[in-house]
Amino acid sequence: MTIDRRPEIADPEGTTVKRALHELGFTETTAVRMDRVIHMEVDGEDPQEVKTRVEEMCRQLLANPVIEDFTVEVER
Amino acid sequence: MTTTQEPVHRQLGMSDDEYQSVLDILGREPWPAELAMYSVMWSEHCSYKSSRTHLGRFPTEAPWVVVGPGENAGVVDLGDGWLAALRIESHNHPSFVEPYQGAATGVGGILRDVLTMGARPIALWDQIRFGPLTEPKNRYLFKGVVSGIAGYGNAVGVPTVGGELEFDDCYAGNPLVNVMCLGLLHQDQLVLGTAGEPGTIAVLLGKATGRDGIGGASVLASASFDEGSSEKRPAVQVGDPFEEKKLIEACLELYERDLVVGVQDLGAAGLSCATSEPAGRAGVGIEVDLDAVHTREQGMTAPELLMSESQERMMVFVDPDRIDAVLAVADKWEIDSAVVGEVNSGSMLRIHHDGELVAEVPAASLVDDAPLFDRPMARPGWLDEVQAASRDDTGLDIGDTLKRLLSDPAIGSSAWVHQQYDHMLFLNTVLGPGGDGALLRIKGTEKALAVSTDGNGRLCYLDPRRGAARLVHESALNVAVTGARPIAVVDNLNFGNPENPEVMWQFRESIEGMAEACEALGVPVVGGNVSFYNETAGTDIHPTPVVGMLGLANPMPADPPRLSGAVDGMEIWEIGPAATENLAGSAVQRLDGELGGLPTPPNHEIGAEMVELANRLAHEAPVLHDISDGGLAVALTEICIASGVGASVETDHPFSEDPHRLLVVAPEGLLNLPAGMSRRIGSVGGDTVEINGARVSMRTAEDRWRHAIDRALSG
Amino acid sequence: MRAAVIVFPGVNCEHDVVHAIRALGGDAELVWHRDTDLSGFDGVILPGGFAHGDALRTGAIARLSPAMVDVARLAAEGTPVLGICNGWQMLCEAGLLPGAHIANRDLSFICRFVEVEVVDTGSILTRAAEPGQRLRIPLNSYEGNWVDPSRTGRVVLRYVEDPNGSHDRAAAVANEAGNVVGVMPHPERATEELLGSTDGQILLEGFLHSLVPA
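Since the model is a prediction, treat every value here as computed from it, not as a measurement.

1. Quick notes on the overall build of chain C
Per the secondary structure count, chain C includes 4 helices and 11 strands. Expressed as lengths along the three principal axes of its C-alpha atoms, the size of chain C is roughly 40 × 35 × 30 Å. Burial statistics for chain C: of 214 residues in total, 62% are counted as buried. Long-range contacts, defined as pairs at least 24 residues apart, comprise 74% of the intrachain contacts of chain C with a sequence gap of at least 6.

Next up, the structure:
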């Protein structure tokens, strides 16, 4: 799953990384957002069920709804 | 990583002679696990084989020394049941390979060394050296190291209250990262690294063991760098300060409840050391089961388990009837634990893995039979010429020179570094980063501990004996100006390749200089660390001994002198022997890109007198400041900036760094100063720093000083 | 009248908080985070540090501790609850205060004195101070940068100069009732002249005066 900081929230790390890339000559970069990827192994048979459960994990703990959104992908 | 042509022992960094020693000890070919243990325990970093002969020169005894060199940290008696533990360590080579983690794990390691003695670690210092900040690579290393120290120290919850910063070309390929730690304990909580009596159980606490740092001690710290250095990246360990914090609290609870007989931390040489050393010290044997070790990687072999340098692990030795209590403490603090061994009345270290006996060696042999080299020494042929190229202070433009000094990142404000460190935690920091010495009060008593740390590679390059001796005196004076009496020294000896006779000569000379100064001051050396092989492509670093000096103030001055204590109208005095025009090894010389001459020697008697004098003045003077890098001019300006007021002085040698000198600022007539050694040089007031008529505005001075590191990083 | 100072694995300011409270004549006790019953306490302090190593997000895991259930109940009942630094981060994660914390704007850990101004005395932290009063207190944080998408936070202390990008230069925020407050600088580090400032006293006194026997 990816935990993305909401676009309207400041991202000091992203800003700093963008500045560093520009200094290296990669001036075509117009925006950088530092988000998070979580890889998780889950026991389960039904992908849809697993997805629902993991989305609940995100809601309850893994993402902070005040500043973050999330998307979940399931594969066997 | 290795070729098939070279014998295994050479791949592990052992010489043929060392291999032969192992054959002699065992009376047979060593098994793989045994060879692995000997290779790490007999590495330079662990065995001190090139240095032990010379370290014996240090004075190590005094009535207040409770534990001297040889244990995990030195311990001194502070009176009234209080003890202090002190240790210094280097993590130079790992920090070049991965600066953040190299520095972070250096902090982790030294915290555990102090924790091992039964003490709560209460403060840290960092002594860090890099190539000039004009090079991007050096900026990267500098930032990475500072971040690593901050990241680990802050998160583990121990304040970093001082340190030292030096930049020189010789450190470009060999950054130096030394870390020092102070711990505090009650005398009944002192624990030693002993395995105890037969029947004692060995319990491994902390992080799961993985393949971290395999070959680290023997490979990284015992070899120089060359083109292929980045291939050594996998050997660098990753620190976990949260795990360490839990480990610290768990161990402190074990000590408080008297649940352990002995403690040993797992640093370089991991399990090999944590089993053999305590057993060797106690003169017992120990049976170890590697299958019991909690691991985080699959299929680790016995050699790997024995060489692993996974961080945040401690070995405790426990009476059988206390085991449950110990495991319960580990559970409470959410750290893993495993019963891994049992002590017996023999003398062998026997190790089992996968149901087989994989090692059976005399426990003590891993430490006691380590090779001892008396490497050849030779005074460098180039030294006469270097010392002949003298430098004096004629013709200097005072204002211009002062501004250049203030703008230098090693002399200007260190706030860029120390504001990244929590230096206030524990509410003990009376004097913190930025002054001469740190002063930490001991709550509930009238006592306070002062610590200073000092090094100067350039001075020691010009004359290792004089340079190292001067460092000891400077540290003692930095401690004395807080009102503390110097009571113990630890040393970190950072040198080049010991197979180079010139390096060994520098090493021996530095030790001699330090020993002489310590003897003159009556201060014992209670521990230290040696880091050799700081060399890249055949070029050694300057000899860089670093001194850590501990002092005890009893009682602490009610209002210790501070750099910010100068007030309009106060008088300014220079105390100590008159300075000379000799600038050999000075910051001024460095700014001009030169290095040469013979540094002014220390005077041991005067040095001792000055310490006494500083101790007395510390209870009376509003401002008391050691004169060192940048000379009187810089010391004066630092006082002015901190106090927010200018000053005007006349002095013959404003940039001399000759030793044993202090600046005192106090209201007229307040102080009783010794006639022969004191010169009134000026007064406080105005908004410029004026030296011999040359003026620098306070605004300019402060601007240059405050932004020195910022500008060096972005310029 | 006793305050509970909750100890999570990884916090490190708990002893300093107890020391400062006791020096002001108050009574404070350390409470392990697994304790579920805080009924004997008249107030709660969540101290600073690195609870759970800041895993996932700072304060994210601490709010799951058993003790936090009682903290939430006490907060709802109007009991004084003060979160200092990491403690404020926990209160946000627990939903007891609005907003969240992200990295300081300049991506550096900051440990130094800052000047804050009292902008609202209607909170347990600021009630003993004067409106407009300026205080010199140490800041010590990496994620001291408060964001508040909901725009419902009530700022009670404001940095005179912005050190970290915090929204509205907020150094301390209170809930509507004023009994739950989060503060980023450390008042417990400013209670002794010897250590640099006593300006933290008036803030901790506000908290102590708010303690009413349970």
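2. Focus on the overall build of chain B
Per the secondary structure count, chain B includes 25 helices and 28 strands. For a compact globule of 715 residues, the expected C-alpha radius of gyration is about 27 Å, and chain B comes in at 25 Å, within 12% of that figure. Relative to its 715 residues, chain B shows a buried fraction of 63%. Of the contacts formed within chain B by residues at least 6 apart in sequence, a portion of 85% connects residues at least 24 apart.

3. Here's the deal with the interface of chain B and chain C
By a widely used convention, the size of an interface equals the accessible area lost when the partners come together. Taken together, the contacts link 21 residues of chain B with 20 residues of chain C. For the side of chain B that touches chain C, the secondary-structure elements that each account for two or more residues are helix H8 (136-156), helix H10 (241-256) and strand E14 (429-431) of chain B. In terms of residue count, H10(B) provides more of the side of chain B that touches chain C than any other element does, 4 residues in total.

4. Quick look at the environment of Gly182(C)
All names here are of chain C. Structurally, Gly182 can be placed in strand E11 (residues 180-183). Taking the number of C-beta atoms within 10 Å as the measure of exposure, Gly182 has 31 and is therefore buried. Here the alpha-carbon distance between Gly182 and Trp88, two residues 94 residues apart in the chain, equals 4.3 Å.

5. Re the confidence of the model for chain C
A residue-level look at chain C finds 100% of positions with pLDDT of 70 or above and a mean pLDDT of 95. Predicted complex, confidence summary: ipTM 0.96, pTM 0.94.

6. Focus: the interface of chain A and chain C
Across the boundary between the two partners, chain A contributes 11 residues, which contact 14 residues of chain C. Looking at the side of chain A that touches chain C, the elements that each hand over two or more residues are helix H1 (12-23) and helix H2 (47-62) of chain A. By residue number, the principal contributor to the side of chain A that touches chain C is H1(A), which donates 3 residues. Tallied by class, residues from the side of chain A that touches chain C come to 7 nonpolar, 2 polar and 2 charged.

7. Considerations on the pairing of strand E27 (residues 688-691) of chain B
All names here are of chain B. Every second residue of E27 is oriented toward a common face, the buried set being Val689 and Ile691 and the non-buried set Thr688 and Glu690. In this structure, strand E24 (residues 647-649) lies alongside E27, joined through 3 bridges in parallel fashion. Looking at the pairing, Val649 lines up with Ile691 of E27. Where E27 and strand E28 (residues 694-697) come together, 4 bridges link them in antiparallel fashion.

8. Some points on the environment of Gly25(A)
Mapped onto the elements of the fold, Gly25(A) is located in the loop between H1 and strand E2 (36-37). Separated by 38 residues in the primary sequence, Gly25(A) and Ala63(A) place their C-alpha atoms 34 Å from one another.

9. Side note on unusual backbone geometry
All names here are of chain B. Backbone torsion omega between Asn554 and Pro555 reads 5°, so that peptide bond is classified as cis. As for its position among the elements, Pro555 is in the loop between strand E21 (544-553) and strand E22 (571-575). With a phi angle near 50°, Ala537 is a residue other than glycine that sits in the positive phi range. With respect to the element layout, Ala537 can be found in the loop between strand E19 (535-536) and strand E20 (539-540).

10. Topic: H1(A)
Here H1(A) contains 12 residues, and its C-alpha end-to-end distance of 17 Å stays within 8% of the 16 Å for a straight helix at 1.5 Å per residue. Immediately downstream of H1(A), the backbone of Gly25(A) shows phi near 105°, a positive value.

11. As for the sheet that holds strand E4 (residues 120-130) of chain B
All names here are of chain B. Across the sheet, which stays open at both edges, the 6 strands sit in the order E1-E2-E3-E6-E4-E5 with mixed pairing between neighbours. The sheet terminates laterally at strand E1 (65-67) and strand E5 (160-167), the two strands that pair on one side only. Each strand axis lies, on average, 20° off the axis of its neighbour in the sheet, ignoring direction. Here 9 bridges tie strand E3 (residues 82-90) to strand E6 (residues 176-186), and the two strands are oriented antiparallel to one another. Each residue of the ladder has a partner; that of Ile88, found in E6, is Met180.

12. Considerations on helix H11 (residues 270-282) of chain B
Residue and element names in this part refer to chain B. With 13 residues, H11 extends 19 Å between its outermost C-alpha atoms, agreeing within 8% with the 18 Å of an ideal straight helix rising 1.5 Å per residue. Most of H11 sits inside the fold, with 13 of its 13 residues counted as buried. In the stretch just after H11, Gly283 is the one whose phi turns positive, near 70°.

13. Re the nonpolar core
Grouped together as the largest cluster of nonpolar side chains are 311 residues, with contacts concentrated most on Ala84(B), Val316(B), Val472(B), Ala614(B), Val664(B) and Val44(C). At 10 residues, the largest contribution of residues to this core is made by helix H20 (residues 501-521) of chain B. What Val472(B) contacts, discounting residues up to four positions off in sequence, is Val489(B), Met514(B), Ala517(B), Cys518(B), Leu521(B) and Val547(B). Counting 6 residues, the second-largest nonpolar core is a separate cluster that includes Met1(A), Leu62(A), Ala63(A) and Phe70(A).

14. Focus: the packing of helix H3 (residues 32-41) of chain B against H11(B)
All names here are of chain B. Axis separation between H3 and H11 bottoms out at 9 Å; the angle between their running directions is 85°. Here H3 lies roughly perpendicular to H11, going by the angle between them. Listed contacts from H11 to Met37, Val40 and Met41 of H3 are Ser272, Cys273 and Ser276. Along the lines of polarity and charge, the residues of the contact of H3 with H11 split into 4 nonpolar, 2 polar and no charged.

15. Considerations on the sheet that holds strand E25 (residues 662-666) of chain B
Note on sheets: strands pair through backbone hydrogen bonds, and any given pair is parallel or antiparallel. Residues and elements named next belong to chain B. With mixed pairing, the 7 strands of this open sheet are ordered in space as E23-E25-E22-E26-E24-E27-E28. Every other strand in the sheet has two partners, leaving strand E23 (623-626) and E28 as the edge strands with one partner each. Recorded for the sheet is a direction-independent mean angle of 20° between the axes of neighbouring strands. On top of the sheet, helix H16 (residues 398-406) reaches E27 and E28; it is set at about 35° to E28, its chief contact. Packing against the sheet, helix H24 (residues 698-706) makes contact with E27 and E28, and its axis sits at approximately 65° to E28.

16. Description of the packing of H10(B) against helix H13 (residues 323-332) of chain B
Residue and element names in this part refer to chain B. Packing of H10 against H13 brings their axes to within 9 Å, and their N-to-C directions diverge by 150°. Here H10 is positioned roughly antiparallel relative to H13, judged by the angle of their axes. You can see that H10 and H13 cross each other, and the crossing is right-handed. Touching Ala250, Glu253 and Leu254 of H10 are Val326, Val329 and Ala330, all from H13. Taken together, the residues of the contact of H10 with H13 break down into 5 nonpolar, no polar and 1 charged.

Reading the values: rules and limits
Residue numbering note: each chain is counted from 1, following its sequence as written. To read the labels, note that chains go from A and ligands from 1, taken in the order they are written. Selection of residues for local features in this predicted model requires a pLDDT of at least 70, selection of side-chain atom pairs for listing and counting requires 80 or more, and totals for whole chains, interfaces and linings are taken over all residues. Strands here are runs of E lasting at least two residues and helices are runs of H or I lasting at least four, both read from the DSSP assignment and numbered beginning at the N terminus. Every C-beta atom is placed from the backbone, and the number of other C-beta atoms within 10 Å of a residue's own sets its class: buried at 20 or more, exposed at 12 or fewer, partly exposed in between. What counts as a contact here is a pair of residues whose C-beta atoms, placed from the backbone, lie within 7 Å. Between the two quantities, the radius of gyration covers C-alpha atoms and the globule rule is 2.2 Å times the number of residues to the power 0.38. What pLDDT expresses is the predictor's confidence in each residue, scored from 0 to 100. Under the scheme applied, nonpolar residues are Ala, Val, Leu, Ile, Met, Phe, Trp, Tyr, Cys and Pro; charged residues are Asp, Glu, Lys and Arg; polar residues are all the others, including Gly. At least two bridges found by DSSP between two strands is the condition for calling them paired. Multiplying 1.5 Å by the helix residue count minus one yields the expected span of that helix. A fitted line through C-alpha atoms represents every axis, and for helices the fit uses only the stretch in contact; the resulting angles, taken between N-to-C directions, go from 0 to 180 degrees. Note on definitions: a nonpolar core is a set of buried residues drawn from Ala, Val, Leu, Ile, Met, Phe, Trp, Tyr and Cys, linked by C-beta atoms within 7 Å. Oblique is the label for every angle not falling under 35 degrees (roughly parallel), over 145 degrees (roughly antiparallel), or within 65 to 115 degrees (roughly perpendicular). By convention the crossing between two helices is left-handed if the near helix lies anticlockwise of the far one by an angle smaller than a right angle, and right-handed if it lies clockwise.

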